[in-house]
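Coordinates in review
Next come the chains, spelled out residue by residue.
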Amino acid sequence: MRIRAALISVGMVLGLCVAPSIVAHADVCPPPPAPAPQGCTPPQPGNGQPAPPPCPPGTPAGQPCATAPGMGGGTMPKLSGFTSRYPLDRSVDIFSAAQPDLGKTMQTEYYGVSFDSSSRLQTTPFIKVENQIGQGLRDENLCTGLDDPSCAATKGWQTIFIEGGIGNCAANPNTACVESFSITTKEGKVITATPLTKFPKDAKEFDGKVNSDGTGYAAGLASWIWRAEGDAPGSEHDYLLTGYVQSGGQNMRQSWSDLHVIQFFFEVIPIVRETSPLVKAPEKISQKRVGKNYSEVMSTNYEASCLANDTGICLHRRDFPADSRLKVTLQLPKFISGWLNGRLNKPSVTSSPFSPSSDRIIVEAGPEQNIFAGNWMKKSSLPVMKFKSDAAARMFVGLTNGDNPMSLRDSGEDGALDAYDAWSPYMGEKAFAINQTWTLSNARVDNPSSCVKKGGGVQGVVATNASAYEATAPTYDKESGTLNYKVAAPHFAPDGKTENIGTYGLSMSTALIKCLYGVDQLPSSASISITSSDGKERVSTVALQQVGAWVHLSADNFTFSAPTLKIKLNQSANPGGSSSAATPEKSATTAAPAKAATPRISITCVKGKITKKVTGSAPKCPAGFKKR
């Protein structure tokens, strides 16, 4: 069985230890405790894969069972005694701290649901192998490398997981790494950053193996701190460029030949340091369970009040320089392919071959809002929840079996939109929090279009500030000739008064856009229609900017809760060829909305006592409504 999965990193929160989630796409469901994807055959008792029992209290819903230090026979690490003078950094910690029953031995009255896409764990490269031993438990072993004899496939281990890192290309080329990083200030000054130091500085690293056929794994590299002197006033000019490439595979005939990428994530974070001799560097260890004949891999020296920590140093977020744009050049293995999602404002993206097994990806964009949707709700006030998809339903098993007080969901995971739609009436129309981030991650499920080639490198990037969005690239509707994309977020900011304004940016290779639309040449513009959840439609014409072999467009100034965006090429706009034949060395200017493409017509529709106003070039009343 071949795993095609998305590992979602979550962390220890207030003493709760959690493990990566595995979402597989296969004929047979993965062994427990991995959540089963839609369409797979559940493992049956008696075939070596018994159904898992409920996880211990504190395990996030939908995640594999895990045991916090000191729970179930483990050894509780001593607390460092460090107390930060800064507020909490990670959104997951902020949300956890807001639970109404915080401090009680067992939280029973409230249930928390959140949607967010910022970093949840400090990246620590490691390799582990594991066996499922039944009843939701796993025997795990930490490996010094892929050639560690204790981790050999011939030892009978069932699966292997590899968490590689995003390093510095100057120190570790030919793997996932940052080649260059710069910032353009609001005054237009370009600040070229320089790599300063690894973080943690003594992190244990390992080599990777990148194959041209799309298989392999990235090297286990530590993150780096970069300095952009003069990016803004003040004494702080440093950024943590961090991320991971998670890979895995099944034991195939006593061989780890089935290694392939599962998830990619990258983030640029402006930082400030806090020092204390109490803070220690994080470390992965294998710990024997007391009274049991199996071990688990866990992190030590976890500082919940730090964004990331090293010996004597606790990092915290600071604000991005106002109105700045960041430019990052990444070298990425070709197995990071297809579509990426991001928190990027007006992105310009290009991709070109760097070597037989790697691509050079250049991303230029401003930081974007991360609209964090979430709420703590009384269980007694909730109905029996119903979800449109199995992927969404699996996220919230903790609500029904009572084994967990909250579910922390990623904005772009499979089923996130369906889950958000079900929970939005109870989360309300007010965001829990909003911060600025600059992130990239891979699409969580395969795109249905044959135009999106696996192993063909990055072919497109979709960026939005929405709390939940589709896990794939935009889908092509042959009947309307449009690329469609759905997003969702609370209508208001945390103050309950300010409207959240949506943003959307699309960068796509010219080969892919021609394949999707079935055209030989690109026009100069495209029409973007934005249909809100109440049926109102707004259409704008945007310039189609082309740089080399990539095209860029963007739309903004729309409101939430759950709008649908449709992009259609204006074929008559430029029958002779592509729009701006910009030279590859010039940077693209992100498209700006122009005047309306066609006259707008408004009609009034009624259904009983309900009245709706529908606007569009050819407006129609929704099903069940009549035109008044």
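Residues numbered from 1 in each chain as written. Predicted model: local features only at pLDDT ≥ 70, side-chain atom pairs only at ≥ 80, totals over all residues. Heavy atoms only, no water.

A short note on the environment of Gln132
Looking at the secondary structure, you find Gln132 in strand β2 (residues 126-134). The spatial distance from the C-alpha of Gln132 to the C-alpha of Thr159 is 9.1 Å, given a sequence separation of 27 residues. Here Glu130 takes part through its side chain, which lies 3.2 Å from a polar atom of the side chain of Gln132. (Helix = DSSP H or I, 4+ residues; strand = E, 2+ residues; numbered from the N terminus. Polar contact = N/O pair within 3.5 Å; in protein donor to acceptor, adjacent residues only side chain to side chain.)

Some points on the side chain of Glu130
The topology assignment puts Glu130 in strand β2. Beyond its immediate chain neighbours, meaning those up to four positions away, Glu130 contacts Arg138, Asp139, Glu140, Trp157, Gln158, Thr159 and Phe161. (Contact = heavy atoms within 4.5 Å.)

Section: the state of the cysteines
On inspection of all chains with the given rule, the structure shows four disulfides. Between the sulfur atoms of Cys306 and its disulfide mate Cys314 the distance is 2.1 Å. Around the S-S axis, the bridge from Cys306 to Cys314 shows a dihedral of about -120 degrees and counts as left-handed. You'll find Cys306 and Cys314 in the same group, each marked buried. (Disulfide = S-S within 2.5 Å. Buried < 20%, exposed > 50% of the residue type's maximum accessible area, 1.4 Å probe, protein only.)

Some details on helix α5 (residues 510-517)
Turning to α5, its buried residues are Thr510, Leu512, Ile513, Leu516 and Tyr517. All buried residues of α5 lie within an arc of 160 degrees about the axis, which places them on one face of the element. (Arc of directions from axis to C-beta.)

Quick notes on the nonpolar core
If you look at the biggest cluster of nonpolar residues, it comprises 38 residues, and the most contacted ones within it are Phe181, Phe266 and Trp438. Among the elements of the structure, β6 (177-184), β11 (223-227), β12 (238-250), β13 (260-275), β18 (325-333), β19 (338-355), β20 (358-378) and β24 (458-464) are those that each provide at least two residues to this core. Filtering out sequence-adjacent residues up to four positions away, Phe181 remains in contact with Ile191, Thr192, Ala193, Trp226, Tyr239, Leu241, Val268, Leu326, Lys327 and Val328. The next biggest cluster of nonpolar side chains, apart from the first, holds 36 residues, and it includes Ala431, Cys451, Ala473 and Tyr504. (Core = buried A, V, L, I, M, F, W, Y, C linked by side-chain atoms within 4.5 Å.)

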